[in-house]
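Overview (structure and organization)
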Amino acid sequence: MNRIEGKLVLLGGGKMGRALIKGVLSAGVTTESQLTVVEPHAGAQQWWRDELPGVSVTGDGQAAIEAAQIVLVAVKPNVVQQVAGSFSGSWGERLVISIAAGVTLERLQNLFDSRCVVRVMPNTPCLVGAGASAYACGEAVSSEQAATVAAIFSAVGVVDQVDEQLLDAVTGLSGSGPAYVFVIIEALADGGVAAGLPRPLAMQLATQTVLGAAQLLQETGEHPAALKDAVASPGGTTIAGLSVLEQNGLRSAMIEAVKAATERSRALGSHA
Ligand SMILES: NC(=O)C1=CN([C@@H]2O[C@H](COP(=O)(O)OP(=O)(O)OC[C@H]3O[C@@H](n4cnc5c(N)ncnc54)[C@H](OP(=O)(O)O)[C@@H]3O)[C@@H](O)[C@H]2O)C=CC1
Ligand SMILES: O=C(O)[C@@H]1CCC=N1
């Protein structure tokens, strides 16, 4: 794992900020003494003090940002403008990495008056080191700085550099995708309960089935259709279940969900 150089400030100590920082610390990408979290709300500050007592936490980021080489922006998209305006110095001397959904590189470059900005889309499985992230770099980001971004996000899962035009679709697929999968797992468990299984057993079987299927797909490198066919015996149980999924439009529901989330990411970008 590559260690990153310099002080890092996290703006916004909520769900994603916590997931990312816990991941980079446990992977040894940086250390608690190199980190400051800027979070205005007392409740959220307390979480950091309880969980990571070696990390500095403050409500006012001015001094910490002045001392930092890397700033990770993890506030809601509609708060990015406010945090960009909260610092009186020049952002341009720092690498600014934003995970705000939909907020474009052009918008980041304008808000931070810097071309040294990176737009990233991670997801919540970063919390357990199984995230999927993609990023695009602004015009002045050096290859060393791009490597810093890769080091941070590879500490919490897989990461790819992409053209910025793909990032709304990344948001619709892997950014929002964990929520779709949680709905599928919950529904599978409900089906098991409806068929007579105790709830805890149904939940364990549903979760492990999704985890195992994803792992099988990844490790064999087979096409999902081939693995699906291998489960479905002629005249058997699986083809009976699959036929109900087709009748009820599961595939098109998934496709439309990703498209709708992609559109929403584009819309967030135009309003942020
Ligand atoms: N959740 C997800 O699955 C994903 C989210 N994202 C993106 O990550 C970003 C953060 O999302 P998420 O972690 O879910 O949101 P959270 O609301 O959990 O975290 C945002 C945090 O920022 C704090 N905050 C508000 N104003 C300021 C400020 N002026 N300065 C510093 N901190 C502030 C919030 O405090 P308070 O709540 O008290 O206002 C909150 O603790 C969003 O832009 C989102 O689009 C990206 C990928 C996946
Ligand atoms: O729902 C959202 O807006 C954020 C971005 C991707 C996942 N959650």
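Note that the structure is predicted; figures quoted are calculated from it, not measured.

**A look at the sheet that holds strand 2 (residues 35-38)**
- If you trace the eight strands from one edge of the open sheet to the other, you get 3-2-1-4-5-6-7-8, paired in mixed fashion. If you trace the sheet from one side to the other, it starts and ends with strand 3 (56-58) and strand 8 (157-161), each paired once. Strand-to-strand, the axes of this sheet are offset by a mean angle of 20°, without reference to chain direction.
- Pairing geometry for strand 1 (residues 8-11) and strand 4 (residues 70-73), over four bridges, is parallel. Its bridge partner lying in strand 4, L10 is registered against L72.
- The strands touched by helix 1 (residues 15-26) are strand 1, strand 2 and strand 4; relative to strand 1, the strand with the most contacts, the crossing angle is about 155°.
- Most of the contacts of helix 6 (residues 143-154) go to strand 5 (residues 95-98), to which it runs at about 40°, and overall it touches strand 1, strand 4, strand 5, strand 6 (117-121), strand 7 (131-137) and strand 8.

**Describing the domain arrangement of the protein**
- As far as domains go, the protein holds domain 1 (8-167) and domain 2 (177-268).
- Placing the centre of domain 1 and that of domain 2 at their C-alpha centroids yields a distance of 32 Å.

**Things to note about the side chain of D168**
- Structurally, D168 can be placed in helix 7 (residues 167-175).
- Side-chain polar atoms of D168 contact the side chain of R119, separated by 3.0 Å.

**Some thoughts on the UniProt feature "domain: Pyrroline-5-carboxylate reductase dimerisation" (unreviewed entry) in the protein**
- The UniProt entry lists residues 164-268 under the feature "domain: Pyrroline-5-carboxylate reductase dimerisation" (unreviewed entry), expressed in the numbering used here.
- As annotated, residues 164-268 comprises 83% helix and 0% strand, and the C-alpha atoms at either end are separated by 15 Å.

**Things to note about the site of ligand 1**
- In the vicinity of ligand 1 there are 22 residues, among which K15, M16, E39, H41 and V75 approach most closely.
- One of the side-chain nitrogen or oxygen atoms of H41 is found 3.3 Å away from an oxygen atom of ligand 1.
- Within the side chain of Q82, one N or O atom sits 3.4 Å away from a nitrogen atom of ligand 1.
- Isolated, ligand 1 exposes 880 Å² of accessible area, and the fraction of that covered by the protein chains is 78%.
- Counting residues per element, the ones that place at least two in the shell around ligand 1 are helix 1 and helix 4 (80-85).

Each value, and the rule that gives it
- Residues numbered from 1 in each chain as written.
- Chains lettered and ligands numbered in written order.
- Predicted model: local features only at pLDDT ≥ 70, side-chain atom pairs only at ≥ 80, totals over all residues.
- Heavy atoms only, no water.
- Pairing = 2+ DSSP bridges.
- Helix = DSSP H or I, 4+ residues; strand = E, 2+ residues; numbered from the N terminus.
- Axes fitted to C-alpha atoms, helices over the stretch in contact; angles between N-to-C directions.
- Contact = heavy atoms within 4.5 Å.
- Domains from an automatic or database assignment.
- Polar contact = N/O pair within 3.5 Å; in protein donor to acceptor, adjacent residues only side chain to side chain.
- UniProt positions renumbered as here; feature names shortened; annotations may be inferred.
- Near = heavy atom within 4 Å.
- Areas by Shrake-Rupley, 256 points an atom, 1.4 Å probe, with all protein chains shown as cover.

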